[in-house]
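# Coordinate analysis (summary)
Each chain, written out:
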Amino acid sequence: MGKFLTTREENYSQWYNELVLKADLAENSAVRGCMVIKPYGYAIWEKMRDALDAMFKDTGHVNAYFPLFIPKSFFSKEADHVEGFAKECAVVTHYRLRNKADGKGIEVDPDAKLEEELIVRPTSETIIWNTYKNWIQSYRDLPILINQWANVVRWEMRTRLFLRTAEFLWQEGHTAHATQQEAIDETVQMINVYAEFAEKFMAMPVIKGHKTENERFAGALDTYTIEAMMQDGKALQSGTSHFLGQNFAKAFDVKFTSKEGNLEYVWASSWGVSTRLIGALIMAHSDDNGLVLPPKLAPHQVVIVPIYKGNDQYDLMREAGNKLKTELKNAGISVLFDDRDTHKPGWKFAEYELKGFPIRLALGARDLENGTIELARRDTLEKKTYPMDNIVRVVKDLLDEIQNNIYQKALNFRNQKTYHADTWEEFVDIIENKGGFVYAHWDGTNETEDLIKEKTKATIRCIPVDNPIEDGKCILSGKPSKQRVLFARAY
RNA sequence: CGGGGUAUAGCGCAGUUGGUAGCGUGCCACGUUCGGGACGUGGAGGUCGGGCGUUCGAGUCGCCCUACCCCGACCA
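Keep in mind that what you see is a predicted model, and the values were worked out from it rather than measured.

### Details of the pairing of strand β20 (residues 372–377)
Each regular strand shows side chains that alternate between the opposite faces of the sheet. Most of β20 sits inside the fold, with five of its six residues counted as buried. Pairing geometry for strand β19 (residues 359–364) and β20, over four bridges, is antiparallel. Note that in β20 the partner of Ala362 across the bridge is Glu374. Relative to strand β21 (residues 383–387), β20 runs antiparallel, the two sharing five bridges. In the sheet register, Thr372 faces β21, and the bridge partner there is Pro387. Hairpin remark: β20 followed by β21, antiparallel, with five residues in the connecting loop; positive phi at Leu381, about 65°.

So this is what it looks like as structure tokens:
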């Protein structure tokens, strides 16, 4: 087998960068920090989007769309929120260009200065709550359960394809409720939806938990997160759900009359996942031969590659291949039949392996004679010949098996790289030398958290939900602690 | 924004003391091939990132830009 990729062991981060490019998922664009998502990468996003969208609808949400631009003044209304995003906002200041006086190119027309500058949304809480103000008068107007699929811009200093780009695609849910409990329930419900999506569709185990005050969303009272472990042992925050309390309602003066006739502020939640999930998907499962995609998110679950000599055989294979494709399709399996005569079978084998197609079927003259077909599964790279008459059943079962297998593999990996540390020396040794997740006691202060980060680059990924209560001492300060929190270096 | 690096064919790179640009791969044509990225023959493809300077002559030397990459501070 030819070697096209840097191996994970050689240089994990280079492996990732090369894989994204070579698997044709995305590339850097002419715009600093912004990526072009190529058709194959976008197809994965569409699968994610469709699955998530269905889950949102099932939990009573509807889609809507709010503007890309946000008046600057909206941003100053919620203090923590401003502070969190101010440093990475793109700002529109003018609305017109003109030809330069010397005729060489164009320039911003200084006469076309906007009266109020516009922020390109880094997230939409402000514009949405400004809008909700007009929609909400009574408890009868609640709850509002809206999601939007959109792009957002955060002017990052250092970017990496999918993991951190200046512009990215995501969904953001914004809900309004009459009671605190309802808003909290919503927040919890949505982090559960994300966890279920990660585990069932992405085949990626995640740890659900609360963010610490330091890591919390700007403007939230409580942030829930799902944290996944990548194959280099680092954590990747894969989705967040925020209980916003009445912060935005107060900032935008959104009140409603309750059943009892009292005027009250509305309770809020917001929650989102982004194209970063594609980065997570890649780093959770792929290997040194290329992508490994879970069948539930692979743009095509099966590829059929015909093998033939001469036109007569080509015609036979096309006929047989199309028939097989139809049978698989009728069984609900997504299939690509690559009958291009412009590429050799060997080339196609390598290509689809690199692109992570879960199952490859190779159909040749020998098979037609014997009534067989060769099947190769991507996750284990095993090849086996099956009788043709039962192949749809075999493929269907195998797709389920692959989905389970890669989940199990990721889970085993995470378990193997998850540690408990009781002393500072132990903690540092694990973070520095082993990598992975470390459960350790923490005294609950921002100062200690910052100090640990400074010393080890490890951060508190979350305080897991259903965390066992256990008396202990903070690994750094030695102060008493009631529970362990999850530490790791993170993306 | 600091520190380091790179810029030459679509992509990856070489280019010696300064003498007018080459390799691999990919691309096109034809033929032989086709069960793990085939082979042969022929062919196309370059304002050497931009500007100014030194020189008879600059991919090569000097200065100034610009873009990108890597390492830090910030982050989904």
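From this point, the discussion proceeds with the structure in view.
### Side note on the pattern of salt bridges
This structure, assessed with the given rule, holds 28 salt bridges. With a shortest N-O distance of 3.5 Å, Asp253 and Lys133 are connected by a salt bridge. Residue Asp253 is found in the loop between α7 (247–251) and β14 (255–257), and its partner Lys133 is found in helix α5 (residues 125–135); the two are separated by 120 residues along the sequence. A relative accessible area of 36% places Asp253 in the partly exposed class. Across the pair Lys200 and Glu196 runs a salt bridge whose closest N-O atoms are separated by 3.7 Å. Here Lys200 pairs with Glu196, and both are found in helix α6 (residues 180–200), just four residues apart, close to one helical turn. Taken together, the salt bridges that share partners define one network made up of Lys211, Glu215, Glu227 and Arg461.

### Observations concerning the environment of Ile373
Relative to the elements of secondary structure, Ile373 occurs in strand β20. Note: C-alpha distance between Ile373 and Ile391 (18 residues apart in sequence) is 8.1 Å. Contact partners of Ile373, with chain neighbours within four places excluded, come to Leu324, Leu361, Ala362, Leu363, Asp367, Lys384, Thr385, Tyr386, Met388 and Ile391.

### Thoughts on the side chain of Asn147
Within the fold, Asn147 resides in strand β9 (residues 144–153). A polar atom in the side chain of Asn147 sits 2.9 Å from the side chain of Asn63.

### Structural notes on a nonpolar patch on the surface
Taken together, the side chains of Leu97, Ile106 and Val108 define a hydrophobic patch exposed on the protein surface, amounting to about 280 Å² of accessible area. Following the sequence through the fold, Ile106 ends up in strand β7 (residues 106–108).

### Some details on helix α13 (residues 424–434)
Counting along an α-helix, one turn takes 3.6 residues, and residues three or four places apart therefore face a common direction. Among the residues making up α13, those that are buried are Trp424, Phe427, Ile430 and Ile431. End-on, the buried residues of α13 take up no more than an arc of 135°, which puts them together on one face. Relative to its buried face, α13 has exposed residues pointing more than 90 degrees away, namely Glu425 and Asn433. At its buried positions, α13 is contacted by β22 (418–420), β23 (437–441), α14 (446–456) and β27 (484–488).

About the thresholds
- Residues numbered from 1 in each chain as written.
- Chains lettered and ligands numbered in written order.
- Predicted model: local features only at pLDDT ≥ 70, side-chain atom pairs only at ≥ 80, totals over all residues.
- Heavy atoms only, no water.
- Buried < 20%, exposed > 50% of the residue type's maximum accessible area, 1.4 Å probe, protein only.
- Helix = DSSP H or I, 4+ residues; strand = E, 2+ residues; numbered from the N terminus.
- Pairing = 2+ DSSP bridges.
- Salt bridge = Lys/Arg side-chain N within 4 Å of Asp/Glu carboxyl O.
- Contact = heavy atoms within 4.5 Å.
- Polar contact = N/O pair within 3.5 Å; in protein donor to acceptor, adjacent residues only side chain to side chain.
- Patch = residues over 30% accessible without salt bridge, like charges linked within 9 Å, V, L, I, M, F, W, Y side chains within 5 Å.
- Areas by Shrake-Rupley, 256 points an atom, 1.4 Å probe, with all protein chains shown as cover.
- Arc of directions from axis to C-beta.

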